[in-house]
Amino acid sequence: MPYNRLDAAMRDLITSFSCPEAADLIDRLARAAAAVAGTPYAGFVRVDVLRQETSCVHVHAPAGDPLRRWLAESGVMKELTTSSVALRLARDASVGEPGFLATPVPVVARDHVFVWVAGRGFCDGDEHLLGRFATAAGRAMEAACGMEAAVRLLRGVRAFRPAQP
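An account of the accompanying structure is given in this report. (Residues numbered from 1 in each chain as written. Predicted model: local features only at pLDDT ≥ 70, side-chain atom pairs only at ≥ 80, totals over all residues. Heavy atoms only, no water.)

### Here we look at the nonpolar core
Note the following rule: Definition used in this section: a nonpolar core is a set of buried Ala, Val, Leu, Ile, Met, Phe, Trp, Tyr and Cys residues joined via side-chain atoms within 4.5 Å. Each residue is assigned to one of three classes by its accessible area relative to the maximum for its type, calculated with a 1.4 Å probe on protein chains only: buried under 20%, partly exposed between the two thresholds, exposed over 50%. Helical segments are the DSSP runs of H or I of at least four residues, strand segments are the runs of E of at least two, and each set is numbered from the N terminus.
Of all hydrophobic cores here, the largest spans 21 residues; its most connected members are L29, F44, V105, V115, V117 and F133. Secondary-structure elements contributing two or more residues to this core are α2 (22-37), β1 (41-47), β4 (100-105), β5 (112-118) and α5 (124-159). Considering each element in turn, this core owes the most residues, seven residues, to α2. In terms of nonpolar packing, the next biggest core, distinct from the first, is built from 16 residues, A61, M77, L87 and A118 among them.

Written as structure tokens, this is what we have:
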């Protein structure tokens, strides 16, 4: 294969494999989770292996919405540190609790990731549906990591190809 064709083929592969941006993927997954659950709020949270610390990965909510404050002040994210299964909190508008549902995302990682939705009361059907969504989200995240690894390998192949004859 002539080198100009090799360059074009490698550039094409790298470009097509580079499409999934991690931040964009997480944002799209959060938006989809909100749509699946029929709520305006969704996101991802990471819990460390020792289940001592949580960190928000992404929050999908209307700008300036009070739910962001509720998430920070309620301790709901800290509750995820004790959970290895789905967590459901009932909606109680009288005390400002919007209703919350989170489920683990099965990904091969050192931290545990949960997808959550909030904004209404949730039932067993919602929990099942979000669990199925979490599985799909985990596969998408793993695929994106695999694509990133493939791009790094392809760039190495391209960088270390033999000199032109």
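### Section: the pairing of β4
The line we're drawing: Pairing between strands is defined by DSSP: at least two bridges between them are needed.
Counting buried positions along β4 gives five out of six residues, so the element sits mostly inside the fold. By the bridge criterion, three bridges tie strand β3 (residues 87-89) to β4 in an arrangement that is antiparallel. Within β4, the residue paired with L89 across the bridge is F100. Bridge count between β4 and β5: six bridges; the pairing is antiparallel. The residue bridging V105 from the neighbouring strand is V113, located in β5.

### Quick word on the layout of surface pockets
To keep things clear, this is the line we draw: Both cavities and pockets are sets of points on a 1 Å grid over the protein atoms alone; in a cavity a 1.4 Å probe fits but cannot get out, in a pocket the set is open with protein on both sides within 12 Å along at least five of seven lines, and lining residues sit with an atom within 4 Å of a point. Grid points are joined across faces, edges and corners, and a volume is the space filled by probe spheres set on the points. Ten residue types, Ala, Val, Leu, Ile, Met, Phe, Trp, Tyr, Cys and Pro, are classed as nonpolar, four, Asp, Glu, Lys and Arg, as charged, and the remainder, Gly among them, as polar.
Approximately 320 Å³ is the volume found for the largest pocket. I26, R46, M141, E142 and C145 are, among the 16 residues lining the largest pocket, the residues nearest its centre. Put simply, the parts of the chain that give the lining of the largest pocket at least two residues each are α2, β1 and α5. It is α5 that provides the largest number of residues to the lining of the largest pocket, a total of five residues. Here the lining of the largest pocket is built from residues that sort into 13 nonpolar, no polar and three charged.

### A closer look at the packing of aromatic side chains
Aromatic ring pairs: the centre-centre distance and the angle between the two ring planes describe each pair. Here is the rule we go by: Side-chain rings of Phe, Tyr and Trp (the six-membered ring for Trp) are treated as a pair once their centres are within 6.5 Å; stacked means planes under 30 degrees apart, edge-to-face means over 60, and tilted covers the remaining angles.
Summed over all chains, the structure comprises one aromatic pair. For the pair F100 and W116, a centre-to-centre distance of 5.9 Å together with 20° between the ring planes defines the contact as stacked. Remark: W116 occurs in strand β5 and F100 occurs in strand β4; sequence separation between them is 16 residues. Note on F100: relative accessible area 0%, which makes it buried.

### Let's talk about empty space enclosed by the protein
Scanning the entire structure with this criterion turns up one cavity of 30 Å³ or more. There is about 40 Å³ of room inside the largest cavity. Lining of the largest cavity is provided by V36, A37, L101, V117, D126, L129 and L130. When residues of the lining of the largest cavity are traced back to their parent elements, those giving at least two are α2 and α5. A per-element tally of the lining of the largest cavity places α5 first, with three residues. In terms of residue class, the lining of the largest cavity is built from six nonpolar, no polar and one charged.

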